[in-house]
Amino acid sequence: MSDFSNPQFCAALAVLRTLKAEGHQAYLAGGCVRDLLLQRKPGDYDIATSATPNIVLDLFPRTFNVGAHFGVVLVSAEFENQPTLTEVATFRSDGAYSDGRHPDTVRYTISAEEDVQRRDFTINGLLLDPDMSGMDKSVVRAGVLDYVNGLADLDAGIIRAIGNPERRFEEDHLRMLRAVRFASRLDFTIDPNTFEAMRSLAPKIHAVSRERVRDELTRMLTEGNACQAFELLDETGLLAEVLPEVTRLKGVAQPPQYHPEGDVWTHTLMLLDQLEEGCSTTLAWGALLHDIGKPATYQPPSGPGDRIRFNGHVEVGVRIAAEICRRLRFSNDETAQILALVQNHMRFADTAHMKTATLKRFFRLDRFPEHLALHRMDCLASSGNLDHYNFAREHYENMPPEQVRPQPLLTGRELIAAGYNPGSAFKAMLHAVEEAQLEGTIHTPDEAMALIRSHFPPPETAAAG
């Protein structure tokens, strides 16, 4: 069970008790109750109350009115010198959702039962009064108010929309993706009626902002069970709507001598199955998109003895991945790293034959451990041969940073002092010095200048010749 002594919980409990002392109903609500019952650590603790926003604002010294129209107030406090924020939402009943996200009208209510009817899934519609459980983790259920049979669904491992599933999804189309995320993360199944509503309404996911879709997909990829999440996305028809490029991986055969696991879709799912909970956003998306260029570059065997080929799939994949990142509005930094993972994932096969300088430059890639991790997953999802991975990892881990990124032996300033005119040739000259330095054939500025003079005669020497 989550620790009832952590600052976030204690701050929420203090808010809850203050509200109750003033005669208002107040309960922990939503995901924190679900997680406590599942003995998972809640990310935060939210409160639902009969107190209106004005009362909440007056009752606590430090508050933020972040959702006046929806009755949401943030209460700020410090507990054991740690700042905390507790979201306090007034019981409400929502009107129609004409924009597929926000209710057009909100009516405050004093009925907790009426409030939970507007929530998304039964396992998220539970309320908890910790005082009713005697603050005993082992009997936390004693403090639960369940108006939607959420406890039964929690015990059975079922994601079920509250009330009419079509109505719940029409209110906020993102709930369809949330259903997939909860089902995969918790290893639950989706109630058949809820599932069918998702299939029929899947095209409406386009009404959701791309940023919200991106964030939900990222959470699926990084919260554990990503493989299950993407299988569910495919089965519900949502994958074809949000990432049609990924659905095209299905049925694309691969050479069995290198990919005994099957087609590109199966291979990609096997990579997703290796993603650990808490992995980085960029590694997760790199794993998903690393072979995204294969469908467009598929070439069947040309004859006996030939094999399936994907010539240029890396370059094509980078272009497709770039479009996906642009469409989902990833940051420039995230986009650069995701594209780098796609662009470089095939280079490990050459590491044993690379010149020392080339290998060191390869190791200079930003966040190189992510490249290593992607290659390892790629190998384990295909042939299982980790020779290239082991070679690269051993050399990367044993190579001192000062050898990978040594201080330059020369700069343009020294070249000018030696009589060279600034210009485009400086780039080639300094590259030649760095190449020799990385290869270990020169070690001092004097040796570097000698190399320059032998390969790039100064202007007066060249003119005299």
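Whatever comes next refers back to the structure up there.
Presented here is a report on the structure given in the accompanying data block. (Residues numbered from 1 in each chain as written. Predicted model: local features only at pLDDT ≥ 70, side-chain atom pairs only at ≥ 80, totals over all residues. Heavy atoms only, no water.)

1. Digging into the overall build of the chain
Right, so step 1: Of the regular secondary structure elements, the chain holds 25 helices and eleven strands.
Right, so step 2: On C-alpha atoms alone, the chain measures out to a radius of gyration of 29 Å, which is more than a quarter above the 23 Å that the 2.2 N^0.38 rule sets for 465 residues.
Right, so step 3: Among the 465 residues that make up the chain, the fraction classed as buried is 50%.
Right, so step 4: Partitioning the intrachain contacts of the chain with sequence separation of at least 6 by distance along the chain shows that 67% fall at a separation of at least 24.
Right, so step 5: Of the roughly 21,500 Å² of accessible surface on the chain, a fraction of 50% belongs to carbon and sulfur atoms.
Right, so step 6: Seen as two clouds, the 47 positive and the 64 negative side-chain charges of the chain have centres 3 Å apart. (Helix = DSSP H or I, 4+ residues; strand = E, 2+ residues; numbered from the N terminus. Rg over C-alpha atoms; globule rule 2.2 N^0.38 Å. Buried < 20%, exposed > 50% of the residue type's maximum accessible area, 1.4 Å probe, protein only. Contact = heavy atoms within 4.5 Å. Areas by Shrake-Rupley, 256 points an atom, 1.4 Å probe, with all protein chains shown as cover. Lys, Arg positive; Asp, Glu negative; His and termini not counted. Charge placed at Lys NZ, Arg CZ, Asp CG, Glu CD.)

2. Re the sheet that holds strand β1 (residues 26–29)
Right, so step 1: Pairing is mixed across the open sheet formed by seven strands, whose spatial order is β3-β4-β5-β2-β1-β8-β9. In this open sheet, the two strands that pair with only one neighbour each are β3 (63–67) and β9 (144–145).
Right, so step 2: One ladder, built from four bridges, connects strand β2 (residues 46–49) with strand β5 (residues 82–90); its direction is parallel. Bridge assignment links A48 to a residue of β5, and that residue is A89.
Right, so step 3: Against the sheet, helix α1 (residues 7–21) touches β1, β2, β4 (72–79), β5 and β8 (127–128), its axis set at about 45° to β5. (Pairing = 2+ DSSP bridges. Axes fitted to C-alpha atoms, helices over the stretch in contact; angles between N-to-C directions.)

3. What to know about the state of the cysteines
Chemically, a disulfide is nothing more than a covalent bond linking the sulfur atoms of two cysteines.
Right, so step 1: Throughout the structure, instances matching the rule amount to zero disulfides.
Right, so step 2: Not part of a disulfide, C32 finds its nearest cysteine sulfur in C10, a span of 14 Å.
Right, so step 3: Here C379 is not cross-linked by a disulfide; its sulfur's nearest cysteine counterpart is in C279, at 18 Å. (Disulfide = S-S within 2.5 Å.)

4. Overview of the nonpolar core
Right, so step 1: If you look at the biggest cluster of nonpolar residues, it comprises 94 residues, and the most contacted ones within it are L28, F230, L243, L272, L275, W285 and L289.
Right, so step 2: Not counting residues up to four positions away in its chain, the partners in contact with L272 are L221, A226, C227, F230, A287 and L288.
Right, so step 3: Residues F426, M429, I442 and M449 belong to the second largest nonpolar core, which totals 14 residues. (Core = buried A, V, L, I, M, F, W, Y, C linked by side-chain atoms within 4.5 Å.)

5. Remarks on the pairing of β5
Right, so step 1: Two strands pair when backbone bridges link them, and β4 and β5 are joined in this way by eight bridges, in the antiparallel orientation. Paired with L74 across the bridge in β5 is E87.

6. Examining the packing of aromatic side chains
Right, so step 1: For the coordinates displayed, the defined rule picks out twelve aromatic pairs.
Right, so step 2: Here W285 and F330 contribute two aromatic rings whose centre-to-centre distance is 5.1 Å and whose plane-to-plane angle is 75°, an arrangement assigned as edge-to-face. Of this pair, W285 sits in helix α14 (residues 281–289) while F330 sits in the loop between α16 (313–327) and α17 (332–344), placing them 45 residues apart in sequence. Here W285 matches F330 in class, with each residue buried.
Right, so step 3: Centroid distance F368 to Y396: 4.8 Å. Interplanar angle 40°. Geometry classified as tilted. On the criterion of sequence distance, the pair formed by F368 in helix α19 (residues 368–380) and Y396 in helix α20 (residues 387–398) is long-range, its members being 28 residues apart.
Right, so step 4: Following the ring pairs from residue to residue traces out a cluster consisting of F348, F362, F363, F368 and Y396.
Right, so step 5: Over the ring of F182 we find R181, and its NZ or CZ is 4.9 Å from the ring centre.
Right, so step 6: Of note, K294 hangs over the ring of F310, and the distance from its end group to the ring centre comes to 4.8 Å. (Phe/Tyr/Trp six-rings, centres within 6.5 Å; stacked < 30°, edge-to-face > 60°. Lys NZ or Arg CZ within 6 Å of the ring centre and 35° of its normal.)

7. Examining the side chain of T122
Right, so step 1: Summarising the element assignment, T122 is placed in the loop between α4 (112–116) and β8.
Right, so step 2: For T122, a relative accessible area of 3% puts it in the buried group.
Right, so step 3: In contact with T122, other than residues within four places in its own chain, are V148, G150, D153, R160, A161 and I162.

8. Quick notes on the packing of helix α8 (residues 192–201) against helix α10 (residues 226–236)
Right, so step 1: At a minimum axis separation of 8 Å, α8 and α10 run at an interaxial angle of 65°. By the angle between their axes, α8 is roughly perpendicular relative to α10. Every residue of α10 that contacts α8 at F195, M198 and R199 is listed here: L232, E235 and T236.
Right, so step 2: Partitioning the contact of α8 with α10 into residue classes produces three nonpolar, one polar and two charged. (Parallel < 35°, antiparallel > 145°, perpendicular 65-115°, else oblique. Nonpolar A, V, L, I, M, F, W, Y, C, P; charged D, E, K, R; others polar.)

9. Section: a nonpolar patch on the surface
Right, so step 1: The grouping of F64, V66 and L85 at the surface amounts to a nonpolar patch, some 290 Å² of accessible area in total.
Right, so step 2: Residue placement: V66 occurs in strand β3. (Patch = residues over 30% accessible without salt bridge, like charges linked within 9 Å, V, L, I, M, F, W, Y side chains within 5 Å. Salt bridge = Lys/Arg side-chain N within 4 Å of Asp/Glu carboxyl O.)

10. Quick word on the pattern of salt bridges
Right, so step 1: The final tally for this structure, using the stated rule, is 34 salt bridges.
Right, so step 2: A salt bridge links R118 to D115; its shortest N-O distance comes to 3.1 Å.
Right, so step 3: Of the charged contacts, one joins E434 and R361 as a salt bridge, the two residues approaching to 2.8 Å between their closest N and O atoms. In this pair, E434 is assigned in helix α23 (residues 425–439) and R361 in helix α18 (residues 356–363), connecting sequence segments 73 residues apart.
Right, so step 4: If you follow the salt bridges from partner to partner, you end up with R181, R185, E216, R219 and E223 in one network.

11. Topic: the packing of α10 against helix α13 (residues 264–272)
Right, so step 1: Closest axis-to-axis distance for the α10/α13 pair is 7 Å, and the angle between their directions is 140°. Of the possible angle classes, the one that applies to α10 and α13 is oblique. Taking contact as the criterion, the partners of A226, C227, F230, E231 and D234 in α10 are, on α13, W265, L269 and L272.
Right, so step 2: Here the contact of α10 with α13 is composed, by residue class, of six nonpolar, no polar and two charged.

12. A few points about the pairing of β1
Right, so step 1: Residues of β1 alternate between two faces, with A26 and L28 on one and Y27 and A29 on the opposite face, all of them buried.
Right, so step 2: Judged from the four bridges that link them, β1 and β2 form a sheet pairing that is antiparallel. Counted as the bridge partner of A26 is T49 from β2.
Right, so step 3: Relative to β8, β1 is paired through two bridges, and the arrangement is antiparallel.

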